[in-house]
Amino acid sequence: MDYSAHPSGLLEASDVGSQKERVVTEEEWLEKWELGNIGFHKEEGHPLLQKYLDVLLNGRSGLRIFFPLCGKAVEMKWLADMGHSVVGVEISEQAVKDFFSEHSLPYCEEPVPEISGAKMFQSTSGNISLYCCSIYDLSSSIIGKFDGVWDRGALVAVNPCDRQRYASLMISLVEKNSSYLLVTVSYDPNKHKGPPFYVPESEIKSLFGSCCEIRCLEKVDDFSERHKQWGLDYFLEVLYLLKFVA
């Protein structure tokens, strides 16, 4: 199917329904994990990362790769097993602990001195470090900078009013010449309040365009029964490459 002619292509930044004012609290996200309401989690990992892994790695080994709002993403284990160093951040301690237990990975837990109440869970192998705190409490002075980012279910989960703050933080966390794979979703925002939120390409360019090259790699029909129950007619995943140039 040619998605360039899809209705999603007609939506612009001004046409985001009532989503602009929508706010999801940290408590609501914690409740989703407690109740197992995590339809966004992919048990088998994400096929777009498998397909475009070479684009993220760009022939490099031993990279530092960041997973914002990581949940218990299985891709973190994939990349660590390839010899990369993985850092994630997640508000739900349950999600973090589930990740380690589901992969039978021993870990240690320690406080983060710079962030009150935050914890860092690290695999005993040392190559997976997951911070349990608000992403906005992090900075490059705490977690360093990254050669690659896998952003799936992160930008689209951030409250629309916080997107500029989120983008500024992410830009501050990447090295020059880094590759940032960003997955967004496209649907009629007048029919679903989110999350995940609809983020048009024009907004991605507004958020990131001043400091990186942006290329749309693929649009995938991800429509399912769940989306039908939300009252939607279509649901696409859209993969972008953000290339931060020196």
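Conventions adopted
Residues numbered from 1 in each chain as written. Predicted model: local features only at pLDDT ≥ 70, side-chain atom pairs only at ≥ 80, totals over all residues. Heavy atoms only, no water. Phe/Tyr/Trp six-rings, centres within 6.5 Å; stacked < 30°, edge-to-face > 60°. Lys NZ or Arg CZ within 6 Å of the ring centre and 35° of its normal. Patch = residues over 30% accessible without salt bridge, like charges linked within 9 Å, V, L, I, M, F, W, Y side chains within 5 Å. Areas by Shrake-Rupley, 256 points an atom, 1.4 Å probe, with all protein chains shown as cover. Salt bridge = Lys/Arg side-chain N within 4 Å of Asp/Glu carboxyl O. Lys, Arg positive; Asp, Glu negative; His and termini not counted. Charge placed at Lys NZ, Arg CZ, Asp CG, Glu CD. Helix = DSSP H or I, 4+ residues; strand = E, 2+ residues; numbered from the N terminus. pLDDT = per-residue confidence, 0-100. Contact = heavy atoms within 4.5 Å. Buried < 20%, exposed > 50% of the residue type's maximum accessible area, 1.4 Å probe, protein only. Arc of directions from axis to C-beta. Pairing = 2+ DSSP bridges. Axes fitted to C-alpha atoms, helices over the stretch in contact; angles between N-to-C directions.

Participant: Even after reading the chapter, I still don't get the packing of aromatic side chains, so can you show me in this structure?
Facilitator: Here a ring pair, both rings aromatic, is described through the centre-centre distance and the interplanar angle of the planes. The full count for this structure, using the stated rule, is 8 aromatic pairs. Linked through ring pairs, Phe99, Phe100, Tyr107 and Phe121 together constitute an aromatic cluster. The positively charged end of Lys32 is found above the aromatic ring belonging to Trp29, 5.6 Å away from the centroid. Sitting above the plane of the Tyr136 ring, Arg165 keeps its charged end 4.1 Å from the centroid.

Participant: Would you take a moment to explain a negative patch on the surface for this structure?
Facilitator: Together, Glu26, Glu27, Glu28, Glu31, Glu34 and Asp137 line one region of the surface with negative charge. Looking at where Glu27 falls in the secondary structure, it is placed in helix α1 (residues 26-35).

Participant: Please explain the confidence of the model for the protein as it appears in this structure.
Facilitator: Any segment with low pLDDT has predicted coordinates that should not be analysed in fine detail. With 91% of its residues at a pLDDT of 70 or more, the protein shows a mean pLDDT of 92. Within the model, the stretch residues 1-10 combines pLDDT values under 50 with 12 contacts to residues more than four positions away or in other chains.

Participant: What should I look at first to understand the pattern of salt bridges in this one?
Facilitator: Oppositely charged side chains can pair when the atoms bearing their charge come close. For the structure shown, the criterion picks out 10 salt bridges. In this structure, Lys51 engages Glu218 in a salt bridge whose closest nitrogen and oxygen atoms are separated by 2.8 Å. Residue Lys51 is found in helix α2 (residues 47-51), and its partner Glu218 is found in strand β8 (residues 213-221); the two are separated by 167 residues along the sequence. Among the residues examined, Lys51 registers a relative accessible area of 53% and is labelled exposed. Linking Lys72 and Glu102 is a salt bridge whose minimum nitrogen-to-oxygen distance equals 2.8 Å. Here the residue Lys72 occupies a position in the loop between β1 (64-67) and α4 (75-81), and Glu102 occupies one in helix α5 (residues 93-102), the gap between them amounting to 30 residues. For Lys72, a relative accessible area of 7% translates into the label buried. Owing to a relative accessible area of 44%, Glu102 belongs among the partly exposed residues under this scheme. Residues joined in a network through salt bridges with shared partners are Glu93, Lys97, Glu109 and Lys119.

Participant: What exactly am I supposed to notice about the environment of Ala73 here?
Facilitator: Along the chain, Ala73 turns up in the loop between β1 and α4. In this structure the C-alpha to C-alpha distance between Ala73 and Glu102, which are 29 residues apart in sequence, comes to 11 Å.

Participant: Please explain the side chain of Arg163 as it appears in this structure.
Facilitator: Residue position: Arg163 is located in helix α7 (residues 163-172). Residue classification places Arg163 among the buried residues on the basis of a relative accessible area of 4%. Ignoring sequence-local partners within four residues, the contact set of Arg163 consists of Leu155, Val158, Phe197, Tyr198, Val199, Glu203 and Leu207.

Participant: Just checking my understanding: could you explain α7 for this structure?
Facilitator: Side chains that are three or four residues apart share a direction in an α-helix, a result of its 3.6 residues per turn. The complete set of buried residues in α7 reads Arg163, Tyr166, Ala167, Leu169 and Met170. The buried residues of α7 all sit within an arc of 160 degrees when viewed along its axis, so they share a single face. Structurally, α7 contributes buried residues whose contacts are with β1, β6 (146-152), β7 (174-186) and α8 (201-208).

Participant: Would you take a moment to explain the sheet that holds strand β5 (residues 128-132) for this structure?
Facilitator: Read from one edge to the other, the open sheet built from 9 strands follows the order β3-β4-β5-β2-β1-β6-β7-β9-β8, with strand pairing classed as mixed. If you trace the sheet from one side to the other, it starts and ends with β3 (107-111) and β8, each paired once. Neighbouring strand axes in the sheet, compared pairwise and without regard to direction, differ in orientation by 15 degrees on average. Pairing between strand β2 (residues 85-90) and β5: 5 bridges, direction parallel. Residue pairing for β5: Glu90 is matched across the bridge by Cys132.

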